[in-house]
Amino acid sequence: MGLSTQIERPIQPPVTKGMENINRYWDRTMGVWAAKILPGELYVSAHGEMIVTVLGSCVAACIRDRVRGIGGMNHFMLPQANSTSNHWADALETRYGNWAMEFLINEILKLGGRKENLEVKLFGGGQILENMTDVGARNVEFVREYLKREGLRVEAEDLLGVRPRKVLYFSDTGSVKVRRLNQVSNTTVVDRERAYAKQVTTSDTDGSIELF
Amino acid sequence: MSKILAVDDSASMRQMISFTLKSAGFDVVEAADGIEGLNQAQQHKCDLVLSDVNMPNMDGITMTRELRGLPDYKYTPILMLTTESGGDKKSEGKNAGATGWIVKPFKPDQLLNTIKKVLG
């Protein structure tokens, strides 16, 4: 065996229950186990994984129990506003945002986090889709209002602007790296967000209902 | 006019549910956890209960079980509104006496149609 500068790869932490569909991998650059989330997904870890996402006009909330080091990230946008209402109580418009925020907080609490220890950081909400100019700002306004109502303070943020962002979040320490991406070369971000925007605006499949 | 008890620890969810129900002509009573829910249920005679599952102090499943022990709420429809789509929690809810299980995110129309269905 020769000398090796390669970081010893620890065993991959167990996946959080219910999040088996999330893409998890060994990140060679950072030398950490990572999880990459797409629009509409979220991931929570009690084992200090790096959570990665790329944001255009979508917003990602990174939330963590700062005492226990249990944290996670969501990635969402609101459906396009219907003409008659722009009220934050409108269930049709806010359902995905409310769901993404509540789901993230619930999963952290289920893993042993406590509400009074929660630390919130916000990213995204850029203006990158030409035909949907106010989408990013609207997502930002929604998430700020949501957190205010829930009594949660925002500790750090990097929001709005015109460039997509790649966000690396360390779920145990709460440390974040944000890289601004070149707008023109990132058609993948735009394409994914367009598809997601269409899905949240027109979807009829959400909200499974069962009567016993 | 039917009166609905909406129990959720999230202020945003309560606001959204109340708005949806009031727009459809229902009377709404709110509570932020299971204990508050039980108190409200005893103070107001509600025709239907909508409850979140994961809440501090008393969760929605425990509250449902408690409600079923009260003579006034033995047969009242209780719908769970939750982010939990897993079968385990759902069976727990069913065993506790819940009438139905709605997974978030839901559309307002889906919620209202289900309410109308169970109110008969």
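Not measured: the values here are computed from a predicted model.

**Notes on the overall build of chain A**
Tallying secondary structure elements over chain A gives 3 helices and 11 strands in all. Along chain A, from the amino end to the carboxyl end, the secondary structure elements read β-β-β-β-β-β-α-β-α-β-β-β-α-β. By sequence separation, contacts in chain A at least 24 residues apart represent 65% of the contacts at least 6 residues apart. For chain A, the exposed surface amounts to about 10200 Å²; the carbon and sulfur share of it is 50%.

**Looking at the pairing of strand 3 (residues 42-45) of chain A**
All names here are of chain A. Covered by surrounding structure in strand 3 are Leu 42 and Val 44 together with Tyr 43 and Ser 45, the residues of both alternating faces. For strand 3 and strand 6 (residues 70-74), the ladder comprises 4 bridges, and the chain directions are antiparallel. Looking at strand 6, one finds that Tyr 43 is bridged to Met 73.

**Examining helix 3 (residues 187-202) of chain A**
An α-helix turns once every 3.6 residues. As a result, residues three or four positions apart point the same way. Residues and elements named next belong to chain A. Taking 1.5 Å as the rise per residue, helix 3 with 16 residues should run 22 Å; its terminal C-alpha atoms sit 22 Å apart, in good agreement. Looking only at helix 3, the buried set comprises Val 189, Val 190, Glu 193, Tyr 196, Ala 197 and Val 200. Viewed along the axis of helix 3, the buried residues span an arc of 135°, placing them on a single side of the element. With respect to the buried face of helix 3, the exposed residues turned more than 90 degrees away are Lys 198 and Thr 202. Against the buried residues of helix 3 lie strand 4 (50-55) and helix 1 (91-110).

**Some points on the environment of Val103(B)**
Within the element layout of this structure, Val103(B) appears in strand 5 (residues 100-103). In sequence terms Val103(B) and Glu84(B) are 19 residues apart; their C-alpha atoms lie 6.5 Å from each other.

**Brief notes about the pattern of salt bridges**
As enumerated under the stated definition, the model contains 17 salt bridges over all chains in all. Among the salt bridges present, the one from Glu145(A) reaches Arg149(A), with a minimum N-O distance of 4.0 Å. With a gap of 4 residues between them, Glu145(A) and Arg149(A) both fall in helix 2 (residues 135-150), about one helical turn apart. Taking the relative accessible area as the measure of exposure, Arg149(A) reaches 22% and is therefore partly exposed. The closest approach of N and O atoms between Arg14(B) and Glu30(B), which form a salt bridge, is 3.4 Å. Here Arg14(B) is found in helix 1 (residues 11-23), whereas its partner Glu30(B) is found in strand 2 (residues 27-31), with 16 residues between them in sequence. For Glu30(B), a relative accessible area of 30% corresponds to the partly exposed category.

**A look at the sheet that holds strand 4 of chain A**
Residue and element names in this part refer to chain A. The sheet built from 5 strands is open, its strands ordered 1-2-4-9-10 with mixed pairing. Pairing within the sheet leaves two strands with one partner each, and these edge strands are strand 1 (23-27) and strand 10 (176-180). For this sheet, the mean angle separating the axes of adjacent strands, direction not counted, is 25°.

**Focus: the interface of chain A and chain B**
Across the contact, 29 residues belong to chain A and 34 residues belong to chain B. Taken as a group, Glu102(A), Leu211(A) and Phe212(A) account for 24% of the area that chain A buries against chain B, more than any other trio of residues on that side. Put simply, chain A and chain B have 3 salt bridges between them. Seen at the junction of chain A and chain B, the total is 13 residue pairs in polar contact (both at pLDDT 80 or more).

**A look at the pairing of strand 5 (residues 59-65) of chain A**
Residues and elements named next belong to chain A. Counting buried residues along strand 5, 7 of its 7 residues qualify, which places the element largely inside the surrounding structure. Burial along strand 5 is two-sided: Val 59, Ala 61, Ile 63 and Asp 65 and Ala 60, Cys 62 and Arg 64, pointing in opposite directions, are all buried. Examined bridge by bridge, strand 5 and strand 7 (residues 118-124) share 7 bridges and lie antiparallel to one another. Opposite Val 59, over in strand 7, you have Gly 124 as the bridge partner. In this structure, strand 5 lies alongside strand 6, joined through 4 bridges in antiparallel fashion. Looking across to strand 6, one finds that Arg 64 is bridged to Gly 71. Two successive antiparallel strands, strand 5 and strand 6, enclose a turn made up of 4 residues, where Gly 69 displays a positive phi of approximately 70°.

**Examining the environment of Ala61(A)**
Residues and elements named next belong to chain A. Inspection of the secondary structure puts Ala 61 in strand 5. Since its relative accessible area comes to 0%, Ala 61 is described here as buried. Expressed as a C-alpha distance, the spacing of Ala 61 and Val 162, which sit 101 residues apart in the sequence, is 19 Å. Ala 61 has contacts with Gly 72, Met 73, Asn 74, Met 101, Leu 104, Lys 121 and Leu 122, leaving out every residue within four places of it along the chain.

The rules behind each value
What you see as residue numbers is a count from 1 along each chain, following the sequence as written. Chain A is the first chain written and ligand 1 is the first ligand written, with later ones labelled in order. With the structure being a predicted model, the display of local features is reserved for residues of pLDDT at least 70 and the display and counting of side-chain atom pairs for 80 or more, all residues being used for whole-chain, interface and lining totals. In computing side-chain properties, one takes all heavy atoms of the structure into account and sets aside hydrogens as well as water. Labels follow the DSSP assignment, with helices taken as runs of H or I lasting at least four residues and strands as runs of E lasting at least two, numbered in each case from the N terminus. Note on contacts: a residue pair qualifies if any of its non-hydrogen atoms lie within 4.5 Å across the two residues. Areas reported here follow the Shrake-Rupley algorithm with a probe of radius 1.4 Å; residue values treat only the protein chains shown as occluding. Exposure is judged per residue with a 1.4 Å probe applied to protein chains only, and the accessible area is read against the type maximum: over 50% gives exposed, under 20% gives buried, and values in between give partly exposed. Here, strands pair whenever DSSP counts at least two bridges between them. A helix is expected to reach a length of 1.5 Å times the quantity of its residues less one. The directions considered for the arc are those from the helix axis to the C-beta atoms. Take a side-chain nitrogen of Lys or Arg and a carboxyl oxygen of Asp or Glu: if they are within 4 Å of each other, that pair is a salt bridge. For helices, the fitted line uses only the C-alpha atoms of the stretch in contact; every axis is such a line through C-alpha atoms, and the angle between N-to-C directions lies from 0 to 180 degrees. Once two parts are brought into contact, the accessible area they lose, counted with a 1.4 Å probe and summed over both, makes up the buried area. Polar contacts here mean pairs of N or O atoms no more than 3.5 Å apart (in protein, one a potential hydrogen donor and the other a potential acceptor; neighbouring residues in sequence count only if both atoms are side-chain atoms).

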